[in-house]
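A closer look at the structure
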Amino acid sequence: MDNQAMPTASTSSYAKVQFLQRQAASLLLYQSVLQKEVGVAFLDLLQAIRYTEADARNCLQAYGNYFKSLAARNQNWEEYLIIQILTDENPFTRQAQQREFANLPPALIAAAKHDLHILQNLYECSSAILSEWVQAVAHLPVSPVVWYQEQDGVVGAEIRLVTSLQHLENWADAVEDLATYYRQFGTGIFAECKALRWQAGQFVGIPYPDPVKLNDLAGYESQKEALLKNTEFLLSGQVALHVLLYGSRGSGKSSLVKALLNEYGDRNLRLLEVAKSQLQDLPVIVEQLRGLPHKFIIFVDDLSFEEDDDVFKALKVVLEGNLTARPQNIVVYATSNRRHLVREFFADRPAPKDNDEIHAWDTMQEKLSFSDRFGLTLTFEPADQKTYLKIVRHLADLAGINISQQDLEYHALQWATRHNGRSGRTARQFVDFFKADRLIFG
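Residues numbered from 1 in each chain as written. Predicted model: local features only at pLDDT ≥ 70, side-chain atom pairs only at ≥ 80, totals over all residues. Heavy atoms only, no water.

Structural notes on the sheet that holds strand E1 (residues 195-199)
Paired through backbone hydrogen bonds, the strands of a sheet run either parallel or antiparallel to each other. Spelled out, the test is: Pairs of strands are assigned from DSSP output, requiring at least two bridges between the strands. Strands are runs of DSSP state E lasting at least 2 residues, helices are runs of H or I lasting at least 4, and numbering of each runs from the N terminus. Helix axes are fitted only over the stretch in contact, all axes being lines through C-alpha atoms; the angle between N-to-C directions runs from 0 to 180 degrees.
Strands sit in the order E2-E1-E4-E5-E6-E3-E7 across an open sheet of seven strands; the sheet is mixed. Each of the sheet's edge strands pairs with one partner strand only, and the pair in question is strand E2 (202-205) and strand E7 (376-380). Mean inter-strand twist for the sheet, computed between neighbouring axes without regard to direction, equals 25°. When strand E5 (residues 295-300) meets strand E6 (residues 330-336), the two strands line up parallel, connected through five bridges.

Here it is, written out as structure tokens:
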């Protein structure tokens, strides 16, 4: 094809690009929507094709970066932009979580409408349009490949709002619906991630949380029922208790807490893991979570303290409260292999002589009664043979293992004898190994 047959960029397309750049630069609240990788690639591409004398190679490289960034997220430009709007953290989205729409500052609402109108213009600049502009600037015989993927990243309330925006002539008219969405589902990392951890003074999303489900867990039915009931209290806005799950190792305490997320994640439950070494940050964490629309389980695994460990004081403040009212949307679920969380030695017990502390018995009782500050303590006794085999049979059924019950129980007991004894963890390890062994070796 000779050059005369190739498309040429029109003055109107350059004007349109420059208009979009001015629009993006004039955002008042939603600037961060364009500050992540895809948004930056989009703006870089606009800059590369802005001028009539644009360099074709730079333009093609910018388009390649834009294409790659969308492919990496497996999202279309339009889908990406709307998801960013739904999760963006800015003064409007934060205040919309805390107040009714009628009580929001008028200037804030006006700024949100202004930005929504701009974002609609950027939304309408599709990847297909950008590809055509690149073809014209680079004098290509055909336009570059357009990234397109069937939308499947939005569900539930999100898809309803997306559909509403797609059919609105003016996105500014959706500002109240957006405020309602933020108030119900929150924004930022808590809208994006259901499982998180506190790390180096900030919330970090866990992209692949443990997939364990309640149906996977057998045995300890009364403990499971009590924990589910307490979690239902939390989700319904009632006063829920802090819970200590105490008992033998491998009994499924941690798995039970993790399974709550897969059971209730769609009801705005969030699971936040806090390591023992980070417990001194608990009061700060709680204040940052206060008032958010989500319900939070702060998960502390394998909790215990040394005799001279002071970090438990921060946990005590959260469990018992202080002058600040306790948030209704937060509970602490902790697991431990120790009933008395603060390690005690015989040497710690006060003798009538040679003891400098006048009220030493009070100090010791303070340590021993720390676990009592949890409103609910669930005890997981070591699995006896009956419980162990019940768990094995349940897991074998889920795994589709076709073997007589007598043979299954024989092999399960042999496994427990040779490995870690009878427990839910041992049952899971046995079933996983037994299934793989039968699949590979028959």
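Don't stop here, the text continues.
Side note on the pattern of salt bridges
Convention followed: Any Lys or Arg side-chain nitrogen found within 4 Å of a carboxyl oxygen on Asp or Glu counts as a salt bridge. A 1.4 Å probe rolled over the protein chains alone gives each residue an accessible area, and that area as a share of the maximum for its type sets the label: buried under 20%, exposed over 50%, partly exposed in between.
Applying the stated criterion to the full structure yields eleven salt bridges. Across the salt bridge formed by Glu89 and Arg94, the nearest N and O atoms sit 3.8 Å from each other. The class for Glu89 is partly exposed, based on a relative accessible area of 37%. On the basis of relative accessibility, which here comes to 42%, the residue Arg94 falls in the partly exposed class. A salt bridge links Glu221 to Lys224; the shortest N-O distance between them is 3.8 Å. Residue Glu221 and its partner Lys224 are located together in helix H11 (residues 221-235), separated by three residues, close to a single helical turn. Given a relative accessible area of 10%, Lys224 falls into the buried group.

Digging into the confidence of the model for the protein
As a reminder of what qualifies: Per residue, pLDDT measures the predictor's confidence, with a range of 0 to 100. The contact criterion used throughout is that any non-hydrogen atoms of two residues lie within 4.5 Å.
Across the protein, pLDDT averages 85, with 85% of residues at or above 70. Here residues 344-350 scores under 50 on pLDDT; set against residues more than four positions off or in separate chains, the count is eleven contacts. Note that residues 357-368 has pLDDT below 50 and, in this model, 13 contacts with residues that lie over four places away or in other chains.

Examining the environment of Gln184
Looking at the secondary structure, you find Gln184 in helix H9 (residues 175-185). Counting along the chain gives 84 residues from Gln184 to Asn268, while the straight-line C-alpha distance between them is 8.7 Å. Excluding its chain neighbours within four sequence positions, the residues that come into contact with Gln184 are Asn268 and Pro293.

With respect to the side chain of Gln97
Under the convention used in this document: Any N or O atom pair separated by 3.5 Å or less is treated as a polar contact, with the protein-specific requirement of one donor-capable and one acceptor-capable atom, and with residues adjacent in sequence counted only for side-chain atom pairs.
Mapping Gln97 onto the fold places it in helix H5 (residues 91-98). Classification of Gln97 as buried rests on a relative accessible area of 7%. Of note is the side chain of Gln97, whose polar atom sits 3.0 Å from the side chain of Thr187. Apart from the residues within four sequence positions on either side, Gln97 is in contact with Tyr182, Arg183, Gly186, Thr187, Gly291, Leu292 and Pro293.

A closer look at a nonpolar patch on the surface
The following threshold applies: Patch rule: a residue counts if its relative accessible area is over 30% and it has no salt bridge; like charges are joined within 9 Å, and nonpolar side chains (Val, Leu, Ile, Met, Phe, Trp, Tyr) within 5 Å. Computed with a 1.4 Å probe, the accessible areas rest on the Shrake-Rupley method; for each residue, only the protein chains presented here act as cover.
A contiguous nonpolar patch, built from Leu439, Ile440 and Phe441 and spanning about 420 Å² of accessible area, is present on the exposed surface. By the element assignment, Ile440 lies in helix H18 (residues 424-441). Taking the relative accessible area as the measure of exposure, Ile440 reaches 62% and is therefore exposed.

Observations regarding the packing of aromatic side chains
The condition is simple: To pair, rings of Phe, Tyr and Trp, with the six-membered ring standing in for Trp, must have centres within 6.5 Å; the planes then decide the type, stacked if under 30 degrees apart, edge-to-face if over 60, and tilted in the middle.
One pass over the full model with this rule turns up 17 aromatic pairs. Plain terms: the ring middles of Trp77 and Tyr80 are 6.0 Å apart, the flat faces sit at 25° to each other, and that makes the pair stacked. Separated by three residues within a single helix, Trp77 and Tyr80 lie in helix H4 (residues 77-87), roughly one turn from each other. Judged on exposure class, the residue Trp77 and its partner Tyr80 are both buried. Chaining the aromatic ring pairs together yields one cluster made of Phe42, Tyr63, Tyr66, Trp77 and Tyr80.

So, the nonpolar core
This is how it is decided: Among the buried residues, those of types Ala, Val, Leu, Ile, Met, Phe, Trp, Tyr and Cys that are joined through side-chain atoms within 4.5 Å form a nonpolar core.
Core analysis: the biggest nonpolar cluster contains 56 residues, and Trp77, Phe92 and Leu122 have the highest contact counts within it. When residues of this core are assigned to their parent elements, the largest contribution, nine residues, is made by helix H6 (residues 106-123). In this structure, Trp77 is in contact with Leu34, Val38, Phe42, Tyr66, Leu70, Leu122, Tyr123, Cys125, Ser126 and Ser127, ignoring residues within four places of it in sequence. The next biggest cluster of nonpolar side chains, apart from the first, holds 27 residues, and it includes Ala195, Leu234, Ile297 and Val331.

Focus: the side chain of Asp115
Applied cut-off: Asp and Glu are treated as the negative residues and Lys and Arg as the positive ones, with His and the ends of the chain left uncounted.
You can see Asp115 is positioned in helix H6. Nearest to the buried, unbridged Asp115 among oppositely charged side chains is Arg94, at 12 Å. Residues contacting Asp115, with those up to four places away along its chain left out, are Ser26, Leu27, Leu28, Leu29 and Tyr30.

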